[in-house]
Amino acid sequence: MKTREEIYEKEGAALLRILSTYHTLTYEQVIRTFDKKPETIQNLVSNLVKQGRIFYDSETGLLCDRPERIASPDYEMIAAYWVLLDFGKALVYHTSGEFPITITFFSEDDEYEIIYVQSGKELLINRVLSKAKESANRLLIVSSLEQARQIQIPNVIAFCTVGQDGKVSYYRKGR
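What comes next concerns the included structure. (Residues numbered from 1 in each chain as written. Predicted model: local features only at pLDDT ≥ 70, side-chain atom pairs only at ≥ 80, totals over all residues. Heavy atoms only, no water.)

### What to know about the sheet that holds strand S9 (residues 168-171)
Overall, mixed pairing links the 6 strands, which are arranged S4-S5-S6-S7-S8-S9 in an open sheet. A strand with exactly one partner marks an edge of an open sheet, and here the two such strands are strand S4 (91-96) and S9. With direction set aside, neighbouring strand axes in the sheet form an average angle of 25°. Direction of pairing for strand S6 (residues 111-116) relative to strand S7 (residues 137-141): parallel, over a ladder of 5 bridges. In the sheet register, Ile-115 faces S7, and the bridge partner there is Leu-140. (Pairing = 2+ DSSP bridges. Helix = DSSP H or I, 4+ residues; strand = E, 2+ residues; numbered from the N terminus. Axes fitted to C-alpha atoms, helices over the stretch in contact; angles between N-to-C directions.)

Take a look at the structure:
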């Protein structure tokens, strides 16, 4: 018979890696990250919270790698992680990026960048990425389609909006 540690070892290590990489995610995002039954991951989360290895705020539904992050979560990263989750089983590897890239990931077929574009920062994104030589496919999170019209950079395969409930809507730029 397997012990609890043996059962949770792989998922526990993965969960700790994910929270140390992205720092703050919603409880629902963490549950959806794993292929196991939700109850199994819920038990794992509860055990890690009891051990003080991760932190959970029941009012906001946020899981964090450090307690001080609960007060100032990175909502841009949370939105980008919702987009990442849409790729599901096709994901091979993912990690947080450096400005202006929020998340970089590889699917079975290609490389992608998820970029959160703050309102009012369209010109900055245009300047930073207009001459970038990377050939990754870009998914840009915007607040509106009007904002998307202001962005002129290469390799954008879609613009998207992310609702507070995690629903992602994708749009292609009109020609």
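Structure shown, so let's carry the discussion forward.
### Brief notes about the pairing of S9
Alignment of strand S8 (residues 156-162) against S9, held across 4 bridges, turns out to be antiparallel. What sits directly across from Val-162, in S9, is Val-168. Hairpin connection from S8 to S9: 5 residues lie between these consecutive antiparallel strands, with Gly-166 at a positive phi of about 90°.

### Concerning helix H3 (residues 38-50)
Look at H3: 18 Å from first C-alpha to last across 13 residues, which is about the 18 Å you get at 1.5 Å a residue. Of the residues one or two after H3, Gly-52 is the one with positive phi, at around 75°. (Expected span 1.5 Å × (residues − 1).)

### Details of a nonpolar patch on the surface
Among the surface-exposed residues, Val-92, Tyr-93 and Phe-106 lie close enough to one another that they form a single nonpolar patch of about 290 Å² accessible area. Along the polypeptide, Tyr-93 turns up in strand S4. Looking at Tyr-93, the relative accessible area reads 43%, which means it is partly exposed. (Patch = residues over 30% accessible without salt bridge, like charges linked within 9 Å, V, L, I, M, F, W, Y side chains within 5 Å. Areas by Shrake-Rupley, 256 points an atom, 1.4 Å probe, with all protein chains shown as cover. Salt bridge = Lys/Arg side-chain N within 4 Å of Asp/Glu carboxyl O. Buried < 20%, exposed > 50% of the residue type's maximum accessible area, 1.4 Å probe, protein only.)

### Things to note about the nonpolar core
Counting residues in hydrophobic clusters, the biggest one holds 33 residues, and the most contacted among them are Leu-15, Tyr-22, Val-30, Tyr-81, Ile-103 and Ile-114. The greatest single-element share of this core, amounting to 9 residues, is contributed by helix H4 (residues 75-85). Those residues in contact with Leu-15, other than ones at most four positions away along the chain, are Val-30, Phe-34, Leu-44, Val-45, Leu-48 and Ile-54. Judged by nonpolar contacts, the second largest core, of 11 residues, contains Ile-125, Leu-129, Leu-140 and Ala-148. (Core = buried A, V, L, I, M, F, W, Y, C linked by side-chain atoms within 4.5 Å. Contact = heavy atoms within 4.5 Å.)

### Examining the layout of surface pockets
Its volume calculated, the largest pocket comes out at about 500 Å³. What lines the largest pocket is a set of 18 residues, and nearest its centre among them are Thr-33, Phe-34, Asp-35, Gly-88 and His-94. For the lining of the largest pocket, the element with the most residues is helix H1 (residues 4-22), which contributes 5 residues. Here the residues of the lining of the largest pocket are counted per class, giving 8 nonpolar, 3 polar and 7 charged. Approximately 330 Å³ is the volume found for the second largest pocket. As for the second largest pocket, its lining consists of 15 residues, and the residues nearest its centre are Tyr-75, Ile-78, Ala-79, Gly-163 and Gln-164. Of all the secondary structure elements, the ones that give two or more residues to the lining of the second largest pocket are H4 and S8. By residue number, the principal contributor to the lining of the second largest pocket is H4, which donates 4 residues. (1 Å grid on protein atoms, 1.4 Å probe; cavity = no way out; pocket = protein on both sides within 12 Å on 5 of 7 lines; lining within 4 Å. Points joined across faces, edges and corners; volume = space filled by probe spheres on them. Nonpolar A, V, L, I, M, F, W, Y, C, P; charged D, E, K, R; others polar.)

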